[in-house]
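Structural features, examined
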There are 2 protein chains.
Amino acid sequence: MRQRPDCKTLAVAIALACASLAVQAADTSPALPKRPTVTDVIKASKPADWRDLDPQNTLYVELPSGRIVIELAPMYAPNTVANIKALVHENYFDGLSVMRAQDNYVAQWGDPTEKKEFKAQKKVKAEFDVAIAKDMPFTALPDTDTYAPQTGYSNSMPAARDPKAGRTWLTHCYGMVGVGRDNDPDSGAGTDLYVVIGHAPRALDRNVTLVGRVLQGIELLSTLPRGTGQLGFYEKPEQMVPLKSIRLAADVPEAERSHLEILRTDTPTFDAVINAARFRGGDWYKNSPDHVEVCNVMVPVRKKDQAQAAAPAVTPAPASK
Amino acid sequence: MRQRPDCKTLAVAIALACASLAVQAADTSPALPKRPTVTDVIKASKPADWRDLDPQNTLYVELPSGRIVIELAPMYAPNTVANIKALVHENYFDGLSVMRAQDNYVAQWGDPTEKKEFKAQKKVKAEFDVAIAKDMPFTALPDTDTYAPQTGYSNSMPAARDPKAGRTWLTHCYGMVGVGRDNDPDSGAGTDLYVVIGHAPRALDRNVTLVGRVLQGIELLSTLPRGTGQLGFYEKPEQMVPLKSIRLAADVPEAERSHLEILRTDTPTFDAVINAARFRGGDWYKNSPDHVEVCNVMVPVRKKDQAQAAAPAVTPAPASK
């Protein structure tokens, strides 16, 4: 939390002006050792540490303000993801609206009229959690979590596990995409999707089917004016944000695709990302947290043309500084 | 996460259209019992459960878009809070700018020129944590936390404790206000203040002096366009948002004050708020979390004129639904 990128001027001013404070007790805690930051780890990564997005599992949500890229998680919600892809293929979402933006919670889109017809399934059985399969990738965090026996990362997604029960589920971290539903747990068809834009509402875990994660463009949702109606719904039609379209990347011409790559989570490089979040050091940090909570690491994503550059990840860990 | 406030039409449509799905295995888990929500608890609260803000510890940050109300926490950062009040009294902040808005992290204001002079102290010794005093209010949460041995609430503020070390500190939850500093831990004078507008960056705990919490108006910061420079700083002066002024409520005429009240945390009503966040039930929830993390309860705040009305808190718990 530097005051700004270049603080030399301020530092000099402080040194000159504050000699009188030197009589206060000095901070006697030893400086933390220099430790790699997430940015350092990513700079040192190799091309093989990264993977391309699967265009069959990538959605482009086109708003007037730009594109949101979502990676889908069919391993955790196979039937719901299949139905969302069916809805996309029949252009169901085109012309619908972002109807809700609730501060520190979610932005949500769907059909304000509730009358648009579609051929895809009208309801899909809840996929709140799934059985842990042997071939399911999972990089566990060593730290305790308030809500789940175990947390970690499964491909690009934050996830939790209950090893005793043999169940696993995605967790409601910032940027996660969930399926709005009515009281009936099986009433969510994927027609109403929401994105977490605030502190992780983990009480929703295992109460909603999560289907993916926003990899790019979440600021198009997180900066929307908050709805003043109940639950952050917009009260007037003109406040809603039109959805131009939602497309599967595979259906978009190659030249119009967003070329992103994600850090593989089964690599020593990703282990180093986790360690960089857990153990802070260097000149700025005075106390290393020595722990990290699952929503405080985001699996890094970057534009492919940044691969050879020194630029950091598009989505670094929130507190990577 | 209801699809919208009134879903009757949709529910009927689903019931008619989806009879074919009835052959799928039914959800056999028993329904959760009806349990009070945070809104229910607040509706049932009594006037004595609430307290007024102390105008000597309340800041009004005036932006062109409206007012942000901050409650200060002098018990946790006495010297820094005193210096911020001194800066306010000499009108230091008037005409400065919000210079930074980093998605899922912080918005920050200060002096873009780094040249504005002031009479208050130029640096204040870090107040990252303080000794636990006997008269310090603290309502502990029963659940584990990833980062701290114990968490809970001290007046309106989320806080952590290390009982063995006898230390306590405020935690970086959504809406908390911190003091920007340079590498020197004692370099923060309160001239640069930031507000958490994303998932709690708890790695900053005990690395920054926290001085208070935004009680109202955080959406004026959380919806700001994100800065495209390093760390979310705005790259052009015209992108910055001017600070009209920061005033102590006590210095503002009574008729122009924001009349808010906060739920007392030393009451059975607040215990019931925590339980409402931990134990979910009723028609919508299918799995009760049975736990709550410190940043998933916000001590409720409401306008005083709502006290006799049925309206919910201005700032309900994020996942209170």
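The model shown is predicted, which means the values in this text are computed figures rather than measured ones.

Another point: the overall build of chain A. When helices and strands are tallied, chain A shows five helices and 17 strands. Counting only residues that meet the buried cut, chain A has 59% of its 321 residues in that class. For chain A, long-range pairs separated by at least 24 residues make up 71% of all intrachain contacts whose partners lie at least 6 apart in sequence. Carbon and sulfur atoms make up 53% of the accessible area of chain A, which totals about 12800 Å².

So, about helix H3 (residues 78-89) of chain A. Residues and elements named next belong to chain A. If you check H3, its first and last C-alpha atoms are 16 Å apart, about what twelve residues at 1.5 Å a residue would give, namely 16 Å. Among all positions in H3, only Thr 80, Val 81, Asn 83, Ile 84, Lys 85, Leu 87 and Val 88 are buried. Those residues of H3 that are buried lie in contact with strand E2 (58-63), strand E3 (66-72), strand E11 (176-179), strand E12 (193-196), strand E13 (210-216) and strand E15 (245-248).

Side chains on a regular strand alternate between the two faces of the sheet. Residue and element names in this part refer to chain B. In terms of burial, strand E2 (residues 58-63) is largely enclosed, as six of its six residues are buried. Both E2 and strand E3 (residues 66-72) contribute to a ladder of six bridges, which runs antiparallel. Paired with Tyr 60 across the two strands is Val 69, which belongs to E3. Adjacent in sequence and paired antiparallel, E2 and E3 are bridged by two residues.

Moving on: the pairing of strand E16 (residues 260-263) of chain A. All names here are of chain A. Bridge count between strand E1 (residues 50-52) and E16: three bridges; the pairing is antiparallel. Across the sheet, residue Trp 50 finds its bridge partner in E16, namely Leu 263. One ladder, built from three bridges, connects E16 with strand E17 (residues 301-303); its direction is antiparallel. Its bridge partner being in E17, Glu 261 is matched across the sheet by Arg 302.

Before going further, it helps to examine the domain arrangement of chain A. One frequent convention defines the size of an interface as the accessible area lost when the parts assemble. All names here are of chain A. Domain boundaries in chain A define domain 1 (38-49 + 263-303) and domain 2 (55-258). Each of domain 1 and domain 2 has a C-alpha centre, and the two are 25 Å apart. Contacts between domain 1 and domain 2 engage 16 residues on the former and 21 residues on the latter. If you sort the residues of domain 1 by the area they bury against domain 2, Thr 265, Val 294 and Cys 295 come out on top, with a joint share of 37%. On the surface where domain 1 and domain 2 come into contact, there are two salt bridges. Between Asp 143 and Arg 278 there is a salt bridge, with the nearest N and O atoms lying 2.8 Å from each other. The tally of links between domain 1 and domain 2 comes to seven residue pairs in polar contact (both at pLDDT 80 or more). Secondary structure elements with two or more residues in the side of domain 1 that touches domain 2: helix H5 (268-278) and E17. Element by element, the count of residues in the side of domain 1 that touches domain 2 is highest for H5, at four residues.

Moving on to the environment of A:Cys173. By the secondary structure assignment, A:Cys173 is in the loop between strand E10 (167-170) and E11. For A:Cys173, the residues in contact, after removing those within four places along its chain, are A:Pro158, A:Val196, A:Ala200, A:Val294 and A:Cys295.

This part takes up the side chain of B:Asn296. Mapping B:Asn296 onto the fold places it in the loop between helix H5 (268-278) and strand E17 (301-303). Judged by its relative accessible area of 3%, B:Asn296 is buried. Within polar-contact distance, the side chain of B:Asn296 engages the backbone oxygen of A:Ala200 at 3.1 Å.

Take the sheet that holds strand E4 (residues 97-101) of chain A next. Residues and elements named next belong to chain A. Taken in spatial order, the nine strands of this open sheet run E14-E4-E5-E12-E11-E13-E3-E2-E15, and their pairing is antiparallel. This sheet does not close on itself; its edge strands, each paired only once, are strand E14 (241-242) and E15. Where H3 meets the sheet, its contacts fall on E2, E3, E11, E12, E13 and E15, and the angle it forms with E15 comes to roughly 115 degrees.

Turning our eyes to something else, we now look at the state of the cysteines. Residue and element names in this part refer to chain A. This model, assessed by the stated rule, comprises two disulfides over all chains. With a sulfur-sulfur separation of 2.0 Å, Cys 173 is cross-linked through a disulfide to Cys 295. The S-S bond linking Cys 173 to Cys 295 shows a torsion near -75 degrees; that makes this disulfide left-handed. Of this pair, Cys 173 sits in the loop between E10 and E11 while Cys 295 sits in the loop between H5 and E17, placing them 122 residues apart in sequence.

What follows deals with the packing of aromatic side chains. Throughout the structure, instances matching the rule amount to eight aromatic pairs over all chains. Ring geometry for B:Tyr92 versus B:Phe93: centroids 5.3 Å apart, planes at 75 degrees, classification edge-to-face. Each member of the pair B:Tyr92 and B:Phe93 is classed as buried. On the basis of an interplanar angle of 80 degrees and a centroid distance of 4.9 Å, the ring pair of B:Trp284 and B:Tyr285 is categorised as edge-to-face. Owing to a relative accessible area of 3%, B:Trp284 belongs among the buried residues under this scheme. In this structure an aromatic cluster arises from ring pairing among A:Tyr92, A:Phe93 and A:Phe118. Here B:Lys122 stacks its cationic end above the ring of B:Phe118, 4.6 Å away from the centre of that ring.

Side chains that carry opposite charge are capable of pairing whenever their charged atoms lie near each other. All names here are of chain B. Summed over all chains, the structure comprises 26 salt bridges over all chains. Residue Asp 103 is joined to Arg 226 by a salt bridge in which the shortest nitrogen-to-oxygen separation is 2.7 Å. Here Asp 103 is found in the loop between strand E4 (97-101) and strand E5 (106-110), whereas its partner Arg 226 is found in the loop between helix H4 (219-222) and strand E14 (241-242), with 123 residues between them in sequence. Exposure remark for Arg 226: the relative accessible area of 14% places this residue in the buried category. The salt bridge involving Arg 202 is made with Asp 145; its shortest N-O contact spans 3.0 Å.

The next thing to look at is the confidence of the model for chain A. Detailed reading of the predicted coordinates is not advisable wherever pLDDT is low. Residues and elements named next belong to chain A. Counting all residues, the mean pLDDT for chain A is 89, and 86% of those residues have values of 70 or more. Low pLDDT, under 50, characterises residues 5-27; the stretch is placed with 23 contacts to residues that sit more than four places away or in other chains. Segment residues 308-321 is flagged for pLDDT under 50; beyond a separation of four residues in sequence, or across chains, it makes 38 contacts in the model. Here the predicted complex carries an ipTM of 0.89, next to a pTM of 0.89.

As a further point, take the sheet that holds strand E6 (residues 130-131) of chain B. Residues and elements named next belong to chain B. Read from one edge to the other, the open sheet built from five strands follows the order E6-E10-E9-E8-E7, with strand pairing classed as antiparallel. The two strands at the open ends of the sheet, each matched to only one other strand, are E6 and strand E7 (139-140). Two elements, strand E9 (residues 157-162) and strand E10 (residues 167-170), share four bridges in a ladder whose sense is antiparallel. When the sheet's bridge partners are listed, Asp 162 is paired in E10 with Arg 167.

The subject of this paragraph is the environment of B:Tyr285. Residues and elements named next belong to chain B. Within the secondary structure, Tyr 285 sits in the loop between H5 and E17. Exposure remark for Tyr 285: the relative accessible area of 5% places this residue in the buried category. For the pair Tyr 285 and Ala 31, spaced 254 residues apart in the sequence, the C-alpha separation amounts to 8.5 Å. At 2.9 Å, the side chain of Tyr 285 forms a polar contact with the side chain of Arg 280.

Rules behind the numbers
Residues numbered from 1 in each chain as written. Chains lettered and ligands numbered in written order. Predicted model: local features only at pLDDT ≥ 70, side-chain atom pairs only at ≥ 80, totals over all residues. Heavy atoms only, no water. Helix = DSSP H or I, 4+ residues; strand = E, 2+ residues; numbered from the N terminus. Buried < 20%, exposed > 50% of the residue type's maximum accessible area, 1.4 Å probe, protein only. Contact = heavy atoms within 4.5 Å. Areas by Shrake-Rupley, 256 points an atom, 1.4 Å probe, with all protein chains shown as cover. Expected span 1.5 Å × (residues − 1). Pairing = 2+ DSSP bridges. Domains from an automatic or database assignment. Buried area = accessible area lost by both parts, 1.4 Å probe. Salt bridge = Lys/Arg side-chain N within 4 Å of Asp/Glu carboxyl O. Polar contact = N/O pair within 3.5 Å; in protein donor to acceptor, adjacent residues only side chain to side chain. Axes fitted to C-alpha atoms, helices over the stretch in contact; angles between N-to-C directions. Disulfide = S-S within 2.5 Å. Phe/Tyr/Trp six-rings, centres within 6.5 Å; stacked < 30°, edge-to-face > 60°. Lys NZ or Arg CZ within 6 Å of the ring centre and 35° of its normal. pLDDT = per-residue confidence, 0-100.

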